[in-house]
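So the chains spell out like this:
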Amino acid sequence: MLEEAGYRVLDAATADEALVLFKINQIDTLFTDIDMPGSMDGLGLVKAVRARWPATRIIVTSDAVRLTHRDMESGVFHLHENDGLIATIFRRWILKNPAR
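My aim in this report is to walk through the structure given alongside it, one point at a time. In this text, all values refer to a predicted model and were calculated from it rather than measured experimentally.

To continue, consider helix 1 (residues 15-24). Buried within helix 1 we find Ala15, Ala18, Leu19, Leu21 and Phe22. Buried residues along helix 1 cover an arc of 160° about the axis, so they all sit on one side. In helix 1, the exposed positions that point more than 90 degrees away from the buried face belong to Lys23 and Ile24. Those residues of helix 1 hidden inside the fold are in contact with strand 1 (29-33) and helix 2 (42-52).

Right, dumping it as C-alpha cells:
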C-alpha cells in the first residue's frame, strides 16, 4: 500500500535499527509499533526521532495499548490495530499526506 502510494519503505526490527536508518536516509514518515524489541520501545523511538528530526511525520500503532491524544506528542497519529478500520484510516492518511 505504501509503495503503491509513492513511498519508499525501509524496515527495521528494532528502534536502534530505525535510528541507524534515519541517520543514513532522508525519512519523511515514521510508522512504528509501540511494542518493539531492543533498548527502547516505539514511544522511545518517537521521542528520539522528534528530538533529532522534528519535521518527521509519525504514525504509532499498537494492538495492546490504547493511547489518547494526551499520551502522544503533538503531530503524532495513533492507530489501534484492533480498530478494524486501520487500512481505511491509513489510506485516508496517505491521501492527505502524499509522499514528499
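Further notes follow.
In terms of burial, strand 2 (residues 57-62) is largely enclosed, as 6 of its 6 residues are buried. Where burial is concerned, the two faces of strand 2 agree: the one with Arg57, Ile59 and Thr61 and the one with Ile58, Val60 and Ser62 are both buried.

On to the nonpolar core, then. Counting 15 residues, the largest nonpolar core has Leu19, Phe22, Leu30, Leu45, Val49, Ile58 and Val60 as its most contacted members. Counting only elements with at least two residues in this core, the list comes to helix 1, helix 2 and strand 2. The element best represented in this core is helix 1, accounting for 5 residues. In this view, Val49 contacts Leu19, Phe22, Leu30, Pro54, Thr56 and Ile58; residues no more than four positions away in its chain are not counted.

This part is about the packing of helix 1 against helix 2. It is the contact of helix 1 with helix 2, at a shortest axis distance of 10 Å, that shows an interaxial angle of 20°. Looking at the two axes, helix 1 sits roughly parallel to helix 2. Helix 1 and helix 2 meet at a crossing whose hand is right-handed. The segment helix 1 lies against helix 2, with Ala15, Ala18, Leu19, Phe22 and Lys23 engaging Leu45, Ala48, Val49 and Arg52.

Calculation criteria
- Residues numbered from 1 in each chain as written.
- Predicted model: local features only at pLDDT ≥ 70, side-chain atom pairs only at ≥ 80, totals over all residues.
- Heavy atoms only, no water.
- Buried < 20%, exposed > 50% of the residue type's maximum accessible area, 1.4 Å probe, protein only.
- Helix = DSSP H or I, 4+ residues; strand = E, 2+ residues; numbered from the N terminus.
- Arc of directions from axis to C-beta.
- Contact = heavy atoms within 4.5 Å.
- Core = buried A, V, L, I, M, F, W, Y, C linked by side-chain atoms within 4.5 Å.
- Axes fitted to C-alpha atoms, helices over the stretch in contact; angles between N-to-C directions.
- Parallel < 35°, antiparallel > 145°, perpendicular 65-115°, else oblique.
- Left-handed = near helix turned anticlockwise from the far one by under 90°.

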